[in-house]
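Chains, contacts and geometry: an overview
Read off the chains here:
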Amino acid sequence: MADLRTEEFTVNMGPHHPSTHGVCRLVLTLNGEKIIKIEPVIGYLHRALEKICENRTYAQCIPIMDRFEYVTAMSCNYLFSNAAEKLAGIEVPERAEYLRVIMLELNRIASHLIFYGVTAMDIGALTPFLYGLRERELIIDLFEMTCGQRLTYNYIRVGGVSRDIPAEFEPKCREAIKIIREKLIDYEGLLNENPIWLVRNKGIGVLPPELGIAYGVSGPVLRASGVKYDIRKDDPYSIYDRFDFQIPTRENGDCYDRYLLRLDEIKQSLNIVEQALDALPEGDIKAKVSPNFKPPAGEVYSRVENSRGELGVYIQSDGGKKPLRVKMRGGSYNQLQVLPHIGTNCLVADLVAIFASLDVILPEVDR
Amino acid sequence: MSYPLAFGELHGLFGWLYELLESTGLPQPWLDVVRYAMLGAMVFGVLSLLALFLVWWERKIAAHIQQRFGPMRHGWHGWYQTVVDAVKLLTKEDILVDTRDKFVFFWAPVICFVAAFLAYVSIPFGEGLIVSDLNIGILYVIAITTFTILSLLMAGWGSNNKYALLGGIRSAAQVISYEIPMVASILVVVLFVGSLSMVDIVNSQSGWITNWFVFRLPFGPIAFLTYIVAATAEANRTPFDIPEAEQELVAGYNIEYSGMKFAMFFLAEFVNGFTVSAIAVTLFFGGWHGPFLPSWVWFLLKTFAVVFLLMMFRWTYPRLRVDQLMEFAWKFMVPVTFANLILAAWMKYAGWYW
Amino acid sequence: MTFDELKEYLAANFADDLTLLDTGRHEPVYEVKAEKLVTVCRRLREDETLKFDFFCNLGGVDTGERMEAVYSLASYSKKIRVDLKVILPHEKAEIDSVQEVWPAANWYERELWELYGVHVKNHGNLTRFLLPDDWDQGFPMRKDWDAPDFIRMPEL
């Protein structure tokens, strides 16, 4: 048996693969089932959003931002509006800020619920996927009630929000919060202590904090490695400094911790939404902004804490109606960069678990 | 004269066919050939219907676990949905890969399908309702169901696809590993009955429910539990469905198959699920025995109960990783089943059982 | 550390390397000379008071007359943020890779090269990844780039 000839073989995982969450292609070099090299190949979803934005007015850019990261389109709306407001020096009314925070946090919950479902599905449990989407539906209904859209909201505009919430929003929202709180107990009961879930996730894909920092990883993935870094606290935007919430962290940085951390974050976000609903003031929802406003020449880098890490946009204005340059930055971009470092020397099945736990979403990477 | 086949309680329904055959005056060997062909067609027909029903049933169970409705359009709660699906698959274009190994690629689904059905030669559906009561019945069933591995390997190799190859190799490793604990669990039963014949095994469990093998303490329940775990792995169902592992290997060995060839794999999978459940019922749950109702109804009820258990596994658990799966087989299942077998043998020898 | 304190600190310690650019009322943007980029970056990262260890973003800009590379940096522990700008000529722009300081810069620099045609020295893996492998139509994010199927919207 000593002179048995073995060969490495290369597998293209994707672009059409059920668990690459879009159209990512990973070129895997395998030794048996063990991965010895991963090379991510991106760009299959490149829509040249940055180039399109250069050709539109600031107000017209916001629907484009919806497509940048469609799972949490509210964050992208907010991001661009915030950057444009900083550039032009626009003051946002109080009520609009509260509505923005409510929507941002609801969208974060919706995104984490998708994460819960998709991760479980990638590890082979098909049922949690439906459970996650069922509760997400409650949130999506709230969005639909508010702005008429279910995925690409175009709700947060430069200077405020596009329309006020209807009267039945608040009771429905409180009911949804109550239901999600109850269902979270079910979720944890279904997977947290499941022995198969534990052996598939514990100690898999450990991301050391130094590696995460070197590769600019942020958000839940980094917090699961023990780095307490959240832009909502460290570089507060909007009115996040008014709310009382915790930044959960975990120590081990493996897939299981990333999963638990996101469940913790859902609970914190629910608290924020409740506090914002309690304190919601009356008043205007939008500052007076001309649709073709011209910000003075200058540049700004604005960033928000998204469910996948730092979401940032760099805008440079030359004083015209259209931005000179819009550069978007998504958390997944860095998380995909770090994947080859934490995914080698594990099995194909582990790679799927790691990929799912990083919660990479491809429109954010390819833009 | 003794018929080579019997319908048991269903003799009233089908007995006239025999008499019709007798009246043709064919010589005896020819009569036997026609009879076996007839019976084969019957088993095939019944099992195909069962498989179609199981597909629908599984979809409904999955849907209700996941708080959906599942198929609702075709008939009452979509009862003929799978028939429509099967017709669709039959009429679908058969997409073939150019680089396939033609011979292997073609025969893989056929072997899978045929092997799945051949097992039913010696599974008793009811009292006297068995195609052939082989004296090595259970051995025959185990041997024939193992053919499935061959077909999966062939499918994996013949597709000339890396994912399919990984799936085929995984399935071979898995099924061979789990064959050992499965046979060791079955041997416990065989040891006590003293016969390999399926009918003898069932008859030894007649009478009260306590005669069922699963209630023979302490080794009966252990043997059943180890059997059902190994059988889940044999039938390639979650949490042991790594040969298919949709999220890792896309669809494993059947990635390149489409149309009717895919349908053959698909139906064979459900027939296999039914087979392992039928063996479980025969070995551990008293086979067709039961009061009031006809024997074949009891058999089907019990088998469906076991199938339901397998389906609950599938829609609740995540999937194991391939090395964890093998570890579980060799480091846990094999020692436990062998210890159980030794315990049972010792108790049989000492006469400490009832 | 507020922005004013950051400005004072940088003026005191990095006066030779960083020039504050006037870009209105926002976070400070400093200009760095291209040849000093890597050393300045390393100092910024290793400075105990600043600790700019978070590489947020790198965006290329084509203003029509010149190329700019804008590095957005932050610190994981110090709650501060700064932007650095490197101004490059429009043609034959070259910049040093900062991967040895922040490995995260790898893909951002590849993007800079691919979309703007800014050559990144010492990068090691300048291959196409957002555009098709056989792309031969130049650098699409440049202002003077035009393609047959790209239609500029009329001025509003």
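Cut-offs applied
Residues numbered from 1 in each chain as written. Chains lettered and ligands numbered in written order. Predicted model: local features only at pLDDT ≥ 70, side-chain atom pairs only at ≥ 80, totals over all residues. Heavy atoms only, no water. Axes fitted to C-alpha atoms, helices over the stretch in contact; angles between N-to-C directions. Helix = DSSP H or I, 4+ residues; strand = E, 2+ residues; numbered from the N terminus. Parallel < 35°, antiparallel > 145°, perpendicular 65-115°, else oblique. Left-handed = near helix turned anticlockwise from the far one by under 90°. Contact = heavy atoms within 4.5 Å. Nonpolar A, V, L, I, M, F, W, Y, C, P; charged D, E, K, R; others polar. Buried < 20%, exposed > 50% of the residue type's maximum accessible area, 1.4 Å probe, protein only. Salt bridge = Lys/Arg side-chain N within 4 Å of Asp/Glu carboxyl O. Polar contact = N/O pair within 3.5 Å; in protein donor to acceptor, adjacent residues only side chain to side chain. Patch = residues over 30% accessible without salt bridge, like charges linked within 9 Å, V, L, I, M, F, W, Y side chains within 5 Å. Areas by Shrake-Rupley, 256 points an atom, 1.4 Å probe, with all protein chains shown as cover. Pairing = 2+ DSSP bridges. Core = buried A, V, L, I, M, F, W, Y, C linked by side-chain atoms within 4.5 Å.

Residue and element names in this part refer to chain A. Remark: helix 4 (residues 94-122) packs on helix 5 (residues 127-147), axes separated minimally by 8 Å, with the N-to-C direction vectors making an angle of 160°. As judged from the angle between their axes, helix 4 and helix 5 are roughly antiparallel. As helix 4 packs across helix 5, the resulting crossing turns out to be left-handed. Facing helix 4, whose interface residues are Met103, Leu106, Asn107, Ile109, Ala110, Leu113, Ile114, Tyr116, Gly117, Val118, Ala120 and Met121, helix 5 presents Pro128, Phe129, Gly132, Leu133, Glu135, Arg136, Ile139, Leu142, Phe143 and Thr146. Looking at the contact of helix 4 with helix 5 residue by residue, the class counts come to 16 nonpolar, four polar and two charged.

What follows is about unusual backbone geometry. A positive phi is found at Asn345 of chain A, a non-glycine position, where the angle reads about 65°. Here Asn345 of chain A is to be found in the loop between helix 12 (331-343) and helix 13 (348-358). Positive phi, close to 60°, is recorded for Asn122 of chain C, a residue that is not glycine. Turning to its location among the elements, Asn122 of chain C is positioned in the segment after strand 7 (119-121). Take Asn122 of chain C: its relative accessible area is 67%, and that puts it in the exposed class.

We now examine the interface of chain A and chain B. On the side of chain B, 24 residues touch chain A, which itself brings 35 residues to the contact. For the interface between chain A and chain B, the tally reads one salt bridge. Across the pair Arg321 of chain B and Asp350 of chain A runs a salt bridge whose closest N-O atoms are separated by 2.9 Å. Along the contact surface separating chain A from chain B lie eight residue pairs in polar contact (both at pLDDT 80 or more). Across the side of chain A that touches chain B, the residue classes tally to 21 nonpolar, nine polar and five charged.

Turning to a nonpolar patch on the surface, a few remarks are in order. Together, Trp76, Trp79, Tyr80, Val83 and Val87 of chain B line one region of the surface with nonpolar side chains, adding up to about 560 Å² of accessible area. Note on Trp79 of chain B: relative accessible area 52%, which makes it exposed.

Further remarks concern the sheet that holds strand 2 (residues 25-31) of chain A. Residue and element names in this part refer to chain A. Overall, antiparallel pairing links the three strands, which are arranged 1-2-3 in an open sheet. Only two strands of the sheet have a single partner each, and these edge strands are strand 1 (9-13) and strand 3 (34-41). Neighbouring strand axes in the sheet, compared pairwise and without regard to direction, differ in orientation by 20° on average. Sheet topology note: the strand 2/strand 3 ladder contains seven bridges and is antiparallel. Paired with Asn31 across the bridge in strand 3 is Lys34. Relative to the sheet, helix 12 contacts strand 2 and strand 3, its axis offset from that of strand 3 by approximately 170°.

Let us now look at the nonpolar core. The biggest cluster of nonpolar side chains holds 264 residues, and the ones touching the most others in it are Leu106 and Tyr155 of chain A, Phe284 of chain B together with Phe55, Tyr71 and Ile95 of chain C. Residue contributions to this core peak at 14 residues, all from helix 11 (residues 259-284) of chain B. Discounting chain neighbours no more than four positions away, the residues touching Tyr71 of chain C are Leu37, Phe55, Asn57, Leu58, Val82, Asp83, Leu84, Val86, Ile95, Asp96, Val98 and Glu109 of chain C. Judged by nonpolar contacts, the second largest core, of five residues, contains Tyr18, Leu21, Leu31 and Met38 of chain B.

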